[in-house]
Amino acid sequence: MADVSSASAAFASDNAAPAHPKALDALQQVNDGSAPSYGADPVTRHAADALRAAFDSPDAEVLFAFTGTAANIIALASAVQPWHEILCSDVAHVLLDEAGGPVRLSGAQLTRLASDDGLITPDELDRRVARRGEVHHSQPRIVTITQSTENGRVWTVPAIAEFVDHAHALDLLVHVDGSRVANAIAALDVSPSEAIGDADIVTVGGTKNGMLFGDAVLVRRPEHFSGIHFVQKQIGHLASKHRFVAAQFLALLEDGFWLETAAHANAMARRLSTGMTALGFQLASPVDANEVFVNLDADVHHSLAQCYVVHRPDLGEPVVRFVCSWSTTDSDVDDVLATLRELR
Ligand SMILES: Cc1ncc(COP(=O)(O)O)c(C=O)c1O
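Residues numbered from 1 in each chain as written. Predicted model: local features only at pLDDT ≥ 70, side-chain atom pairs only at ≥ 80, totals over all residues. Heavy atoms only, no water.

Things to note about the domain arrangement of the chain
Split by domain assignment, the chain resolves into domain 1 (4-17 + 257-343) and domain 2 (21-255). Distance between the C-alpha centres of domain 1 and domain 2: 26 Å. Here domain 1 meets domain 2 over a buried area of about 2,000 Å², counting both sides, of which 53% is carbon and sulfur. Considering only the side of domain 1, the residues that lose the most area to domain 2 are Phe 257, Trp 258 and Asp 288, jointly responsible for 37% of the buried surface there. At the surface where domain 1 touches domain 2, the tally comes to three salt bridges. Counting every contact that joins domain 1 to domain 2 gives 13 residue pairs in polar contact (both at pLDDT 80 or more). Listed by contribution, the elements that provide at least two residues to the side of domain 1 that touches domain 2 are helix 12 (257-278) and strand 9 (291-295). Per-element accounting of the side of domain 1 that touches domain 2 gives the leading share, nine residues, to helix 12. (Domains from an automatic or database assignment. Buried area = accessible area lost by both parts, 1.4 Å probe. Salt bridge = Lys/Arg side-chain N within 4 Å of Asp/Glu carboxyl O. Polar contact = N/O pair within 3.5 Å; in protein donor to acceptor, adjacent residues only side chain to side chain. Helix = DSSP H or I, 4+ residues; strand = E, 2+ residues; numbered from the N terminus.)

What follows is the structure, encoded as structure tokens:
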């Protein structure tokens, strides 16, 4: 394995980015005296109100977790029984990158649906419900989609509205993995609620948006997720010092700042992809948000990996992922483009 200790992580992931100073300031400010634990504090209440307001979901319940994986598991495991089936795309994080956590914690089957970079057509759902009621088959209960997708695509407002409505017509619940929902909202330039359609439950990413840690679960139809607080506790994400997660959300949501950081990340991805295309590299997927997927020959990838940490989602494919964040600068982009120019 190459020694990557001195390689730049500037495009490794939005998880590799530093925490935004606003998030750190919020931690400092809330670190003042004692407060009730396990989410019973006023900061957590205010942050939950802010999330409800941002997503125009006044009746939603809000839970906070340390990680996106936990937020997804809390959402999915509380929706199903062990004889149920969770539907997801063939590139879903819950399927490929959560070490089987949603299956282990829910006991339900996870079934992959064909997709275009994570975008699923509504008719994919039809054949999955055909065997409902047959005792030999897991029973489809919830479909999870990702906004923006694992391949950097954004569901348009009409597409997500149609998909969610179709799922509901088939008596399926809908979860949105919104680990990068801020990037989707900023890219679409719409209100947060339009970017998630009529979804029943949403993971709202904080860490990738600039927080030190923390993602939220927005439960828009709590009646379908009745055990959710117990799942959160069982898997160890009911933080005793909840206010330190919540305060960061409060700080970033204030005055729509979370969408400014996301729009910046998206703009950096556009600059990067435009530059790559000008150098003659071929994009593997359209760049809708803050991630760029590009085809790199094995030797170019190998040389690049000496100076940049970059992720190859599928080791059998030449596709390499570059992720931009709130902290990516014009010169970060220009530097990596200069390196790629030399390696081309
Ligand atoms: C689409 C998506 N969902 C969920 C997660 C999980 O987030 P975490 O690493 O905080 O568990 C990630 C992380 O990369 C992700 O890309």
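Details of the sheet that holds strand 6 (residues 201-205)
The strand order across the open sheet formed by seven strands is 1-7-6-5-4-2-3, and the pairing between neighbours is mixed. Every other strand in the sheet has two partners, leaving strand 1 (61-65) and strand 3 (109-113) as the edge strands with one partner each. Here the strands of the sheet are splayed against their neighbours by 20° on average, with no regard to which way each runs. Sheet topology note: the strand 6/strand 7 (residues 215-219) ladder contains five bridges and is antiparallel. Bridge pairing links Gly 205 to Asp 215 in strand 7. Those strands touched by helix 2 (residues 42-54) are strand 1, strand 6 and strand 7, and its axis lies near 115° from that of strand 1. Contacts between helix 11 (residues 243-253) and the sheet are confined to strand 1, strand 6 and strand 7, with strand 1 contributing the most and set at about 115° to the helix. (Pairing = 2+ DSSP bridges. Axes fitted to C-alpha atoms, helices over the stretch in contact; angles between N-to-C directions. Contact = heavy atoms within 4.5 Å.)

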